[in-house]
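Residues per chain, in single letters:
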Amino acid sequence: MTGKVYLIGAGPGDPDLLTMKAHRLLTAADVVLYDRLVGEQIIAMIPETAEKLYVGKAKSLHSLPQEEINALLAVKAKEGKVVVRLKGGDPFIFGRGGEELEELVSEGVPFEVVPGVTAAAGCAAYAGIPLTHRDYAQSVRFLTGHLKDGTTELPWDELVHPAQTLVIYMGLTGLESISQSLIRFGMRPSMPVAIVEKGTSKDQRVFTSTMKDIHQVAIDNEVKSPALLIIGEVVTLQEKLSWFGQ
Ligand SMILES: C[S@@+](CC[C@H](N)C(=O)[O-])C[C@H]1O[C@@H](n2cnc3c(N)ncnc32)[C@H](O)[C@@H]1O
């Protein structure tokens, strides 16, 4: 009998942000395939009896090509196993969860999806940046700074908009060109920006600056991935509302 695949979001780092459903399924799994961004404390919750497969991707260092991950999920489920596919954050936000499910559909493998706290929500909360504080923003946009073809080509003119917060995932490598493009398309160079590195973990670091200077701040502080950019007036609240690690 075919087993089942549970596509689970592990949240951004702090193991306490794992949902109860994710925890229940993880601790009952036969096989767990997990990514690079899943924290060590969450990996430690995988039962000893389960087969543990690291399939994670560091940028340009794919330990297993996406197609092989997709196929492996179906193979393991067809062996009758309870398969957990564990991803950082939320599986449907820049997580390729959809691609993996499409393969399962075509292979006739049943599945469920368990949402997780996405990096935008986790980093904003733990940095003290309310993404849609009513005095500053009416909307928030989640974007990726790293497109499938490796470029950073975003709809710049739509992004320069009053009362809008931008959250850019995977924006560290292209930070200089992102800043230059936004300024070229009319964003004021003094627009507040935050970088949250390793958000929600005990190693979290938060840097705030302006659109013009944030690239240099990232260099000076040797900011490393995973890091999230938050751009908008809401960033001015960070100093006042910061609470984590104090
Ligand atoms: C491939 S995306 C995966 C996003 C994930 N599915 C989510 O919902 O958070 C990876 C990017 O998410 C962001 N990210 C994930 N976890 C993070 C964390 N703990 N702190 C800062 N950024 C994080 C970084 O921009 C990183 O490069």
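As a reminder, the structure under discussion sits directly above these lines.
Now for a look at the structure at hand. (Residues numbered from 1 in each chain as written. Predicted model: local features only at pLDDT ≥ 70, side-chain atom pairs only at ≥ 80, totals over all residues. Heavy atoms only, no water.)

### Some points on the environment of K76
Here comes step 1: Of note, K76 is situated in helix α3 (residues 66-78).
Here comes step 2: You can call K76 buried: its relative accessible area is 12%.
Here comes step 3: Along the primary structure K76 and V32 are separated by 44 residues, whereas in three dimensions their C-alpha atoms are 9.9 Å apart.
Here comes step 4: Ignoring anything within four residues of it in the chain, the contact list for K76 reads V31, E51, L53, K81 and V83.
Here comes step 5: Side chain to side chain, K76 and E51 meet in a polar contact 3.2 Å long. (Helix = DSSP H or I, 4+ residues; strand = E, 2+ residues; numbered from the N terminus. Buried < 20%, exposed > 50% of the residue type's maximum accessible area, 1.4 Å probe, protein only. Contact = heavy atoms within 4.5 Å. Polar contact = N/O pair within 3.5 Å; in protein donor to acceptor, adjacent residues only side chain to side chain.)

### Quick word on the site of the ligand
Here comes step 1: The environment of the ligand is formed by 18 residues, the closest being P12, I93, T118, G199 and A227.
Here comes step 2: Within the contact set of the ligand, a nitrogen atom lies 2.8 Å away from a backbone nitrogen or oxygen of P12.
Here comes step 3: Here a nitrogen atom of the ligand and a backbone polar atom of G199 are 2.8 Å apart.
Here comes step 4: Protein burial of the ligand: of its 570 Å² of free accessible surface, 89% is covered by the chains. (Near = heavy atom within 4 Å. Areas by Shrake-Rupley, 256 points an atom, 1.4 Å probe, with all protein chains shown as cover.)

### What to know about the packing of α3 against helix α4 (residues 97-107)
When two helices pack together, you describe them by how their axes are tilted relative to each other and by the distance separating the axes.
Here comes step 1: Running from N to C, α3 and α4 cross one another at 45 degrees; their axes reach a closest spacing of 9 Å. The angle between α3 and α4 falls in the class oblique. Note that α3 runs across α4; the crossing there is right-handed. Facing α3, whose interface residues are Q66, I69, N70, A71, L73, A74 and K78, α4 presents E99, E100, E103, L104 and E107.
Here comes step 2: Split into classes, the residues belonging to the contact of α3 with α4 amount to 5 nonpolar, 2 polar and 5 charged. (Axes fitted to C-alpha atoms, helices over the stretch in contact; angles between N-to-C directions. Parallel < 35°, antiparallel > 145°, perpendicular 65-115°, else oblique. Left-handed = near helix turned anticlockwise from the far one by under 90°. Nonpolar A, V, L, I, M, F, W, Y, C, P; charged D, E, K, R; others polar.)

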